[in-house]
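The residues making up each chain are set out below.
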Number of protein chains: 2
Amino acid sequence: MPRKVDHDERRLAIAAVVEQLVLEHGIEALTVRDVADAVGCSTSVVSHYFRSKLDMLVFTHRTVRLRVERTLLAAMDAGHDLVACLELLLPTTDERWRDWHTWFACWGMAPTDPSVNREWAAGSSEATDIFTRLVQTAQAGGTVDPTLDPVAIATELQLTVNGIASLVTQHRDGWPPERQRDLLCRLVGKIARA
Amino acid sequence: MPRKVDHDERRLAIAAVVEQLVLEHGIEALTVRDVADAVGCSTSVVSHYFRSKLDMLVFTHRTVRLRVERTLLAAMDAGHDLVACLELLLPTTDERWRDWHTWFACWGMAPTDPSVNREWAAGSSEATDIFTRLVQTAQAGGTVDPTLDPVAIATELQLTVNGIASLVTQHRDGWPPERQRDLLCRLVGKIARA
């Protein structure tokens, strides 16, 4: 099915351009025209792939999210421990820094829009599932107290990662990778104990 | 100085409109034209108060931030305890929910823009100062272990509040005020112990 593959690949390529433009110029400055120029096509070609700027942003949010979810699941399957898995989510690299910028930007979409709502709900629910699996694996391995409720611990870990990213986002110079990792490690230690 | 007062009041009124429009229609859909229409004036009048859409958003971010900082400081001065003060920051009301939406949206501005950078740096630094004062007061009152470093604890509390808000933002129905408060209370308990 080369045509379908092309279509999907084109959408992913456009999402990558959207992410970069939003980082460089800000979410408020994004236009379909800029996206078309950066991709090297006309706005009508972009419109063939996305119904609207909102549609493009929802897809970009999902694309970044699914990529990061895959990274996390692969690390878990490879047997990395809890802290090592969570570290992969922190904005310690240029790529992950850009991912977090995209997410925060996209959290400024309208909460009442059905497609935004659907994407946020999917993100929330999948994150809870993946974090819960991480916690259960850590409980089986003895690094998280097995008497703790895995879903509650998953929620605490998720807010910890989001919280660190929120501090880094606004003050990147103050948060070199080592500082992010040290804080994550200390907080996971507290959360993992009953 | 009535002219200066009028000018400042007009800017604040425009910021309130910006906040509401961003919540209703999304940061990506905001235009100076929409702001002018909602305020009931022409775009050239809006341009008299703000050089650009970015300038308007930076001012809106600061306005919301200063308002919430004042609320927090007033609660501290009134002798509210640590958890009661932090609760005031959570998106448990429509107003605070809108404030968090504005902040996340504005974190999607371009990090390399000098005015964005300045505003984020001021926000980071003032939040650290205020949270540190909160912790020191709690340490003097005996609710936070006095041997802990107040700045480190301030950072952990700040990321906890931001982290809870990040979860609520994407799944408001799943986070009634009571659930937010319970989680805050449990986490502050962990953070306050050595």
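Look a little higher up for the structure.
Rules of the game
- Residues numbered from 1 in each chain as written.
- Chains lettered and ligands numbered in written order.
- Predicted model: local features only at pLDDT ≥ 70, side-chain atom pairs only at ≥ 80, totals over all residues.
- Heavy atoms only, no water.
- Least-squares fit on C-alpha atoms with pLDDT ≥ 70 in both.
- Contact = heavy atoms within 4.5 Å.
- Core = buried A, V, L, I, M, F, W, Y, C linked by side-chain atoms within 4.5 Å.
- Buried < 20%, exposed > 50% of the residue type's maximum accessible area, 1.4 Å probe, protein only.
- Helix = DSSP H or I, 4+ residues; strand = E, 2+ residues; numbered from the N terminus.
- Polar contact = N/O pair within 3.5 Å; in protein donor to acceptor, adjacent residues only side chain to side chain.
- Axes fitted to C-alpha atoms, helices over the stretch in contact; angles between N-to-C directions.
- Parallel < 35°, antiparallel > 145°, perpendicular 65-115°, else oblique.
- Left-handed = near helix turned anticlockwise from the far one by under 90°.
- Nonpolar A, V, L, I, M, F, W, Y, C, P; charged D, E, K, R; others polar.
- Buried area = accessible area lost by both parts, 1.4 Å probe.
- Salt bridge = Lys/Arg side-chain N within 4 Å of Asp/Glu carboxyl O.
- Phe/Tyr/Trp six-rings, centres within 6.5 Å; stacked < 30°, edge-to-face > 60°.
- Lys NZ or Arg CZ within 6 Å of the ring centre and 35° of its normal.

## A closer look at the relation of the copies chain B and chain A
Once chain B has been moved 0.0 Å along the axis and rotated by 180°, it coincides with chain A to within an RMSD of 0.0 Å. The relationship between the two copies is best expressed as a two-fold rotation axis. When each C-alpha of chain B is compared by its distance to the rotation axis, G163 of chain B comes out closest, at 2.1 Å. A share of 100% of interface residues in chain B that are also interface residues in chain A marks the association as one of identical surfaces.

## Description of the nonpolar core
Membership of the largest hydrophobic core comes to 130 residues, with the highest contact counts inside it found for L86 of chain A together with L86 of chain B. Beyond its immediate stretch of four places on either side in the chain, L86 of chain A contacts F131, L134, L157, V161, L184 and V188 of chain A.

## Some remarks on the environment of L187 of chain B
Relative to the helices and strands, L187 of chain B is located in helix α9 (residues 177-192). On a C-alpha basis, the gap between L187 of chain B and T132 of chain B in space is 17 Å, while along the polypeptide they are 55 residues apart. Those residues within four positions of L187 of chain B in sequence are excluded, and the remaining contacts are E156 and L159 of chain A together with T160 of chain B.

## Some details on the environment of E178 of chain B
All names here are of chain B. Tracing the sequence through the fold places E178 in helix α9. Placed 86 residues apart in sequence, E178 and T92 show a C-alpha to C-alpha distance of 8.4 Å. For E178, the side chain forms a polar contact with the side chain of R181, separated by 3.1 Å.

## As for the packing of helix α7 (residues 114-141) of chain A against helix α8 (residues 150-170) of chain A
Residue and element names in this part refer to chain A. Contact geometry of α7 with α8 gives a least axis separation of 8 Å together with a crossing angle of 115°. When the axis of α7 is compared with that of α8, the two are roughly perpendicular. In this structure, the crossing between α7 and α8 has a hand that is right-handed. Along the contact surface, α7 presents A127, T128, F131, T132, V135, Q136 and Q139, while α8 presents P150, V151, I153, A154, L157, Q158 and V161. Of the residues assigned to the contact of α7 with α8, the class counts are nine nonpolar, five polar and no charged.

## Observations concerning the interface of chain B and chain A
Contacts between chain B and chain A engage 46 residues on the former and 46 residues on the latter. For the pair chain B and chain A, the two sides together bury roughly 3,600 Å², of which 61% comes from carbon and sulfur. The largest contributions to the chain B side of the interface with chain A come from E28, L159 and Q170 of chain B, which together make up 21% of the buried area. At the boundary of chain B with chain A, the tally comes to four salt bridges. Where chain B packs against chain A, one counts 16 residue pairs in polar contact (both at pLDDT 80 or more). Where the side of chain B that touches chain A is concerned, the elements lending two or more residues are α1 (2-25), α4 (53-77), α6 (94-106), α7 (114-141), α8 (150-170) and α9 of chain B.

## Digging into the packing of aromatic side chains
Enumeration according to the criterion identifies eleven aromatic pairs over all chains in this entry. Ring plane angle 85° and centroid distance 5.2 Å describe the contact between F104 of chain A and W107 of chain A, whose orientation is recorded as edge-to-face. According to the relative accessible area criterion, W107 of chain A is buried, its value standing at 3%. An aromatic cluster is built from W100, W103, F104 and W107 of chain A together with W100, W103, F104 and W107 of chain B, whose rings are joined through pairwise contacts. In this structure, R179 of chain A packs its charged tip against the face of W175 of chain A, placed 3.6 Å from the ring centre. The lysine or arginine in question, R11 of chain B, covers the ring of F59 of chain B, its NZ or CZ lying 4.3 Å from the ring centre.

Coordinates in, geometry out; function isn't part of it.
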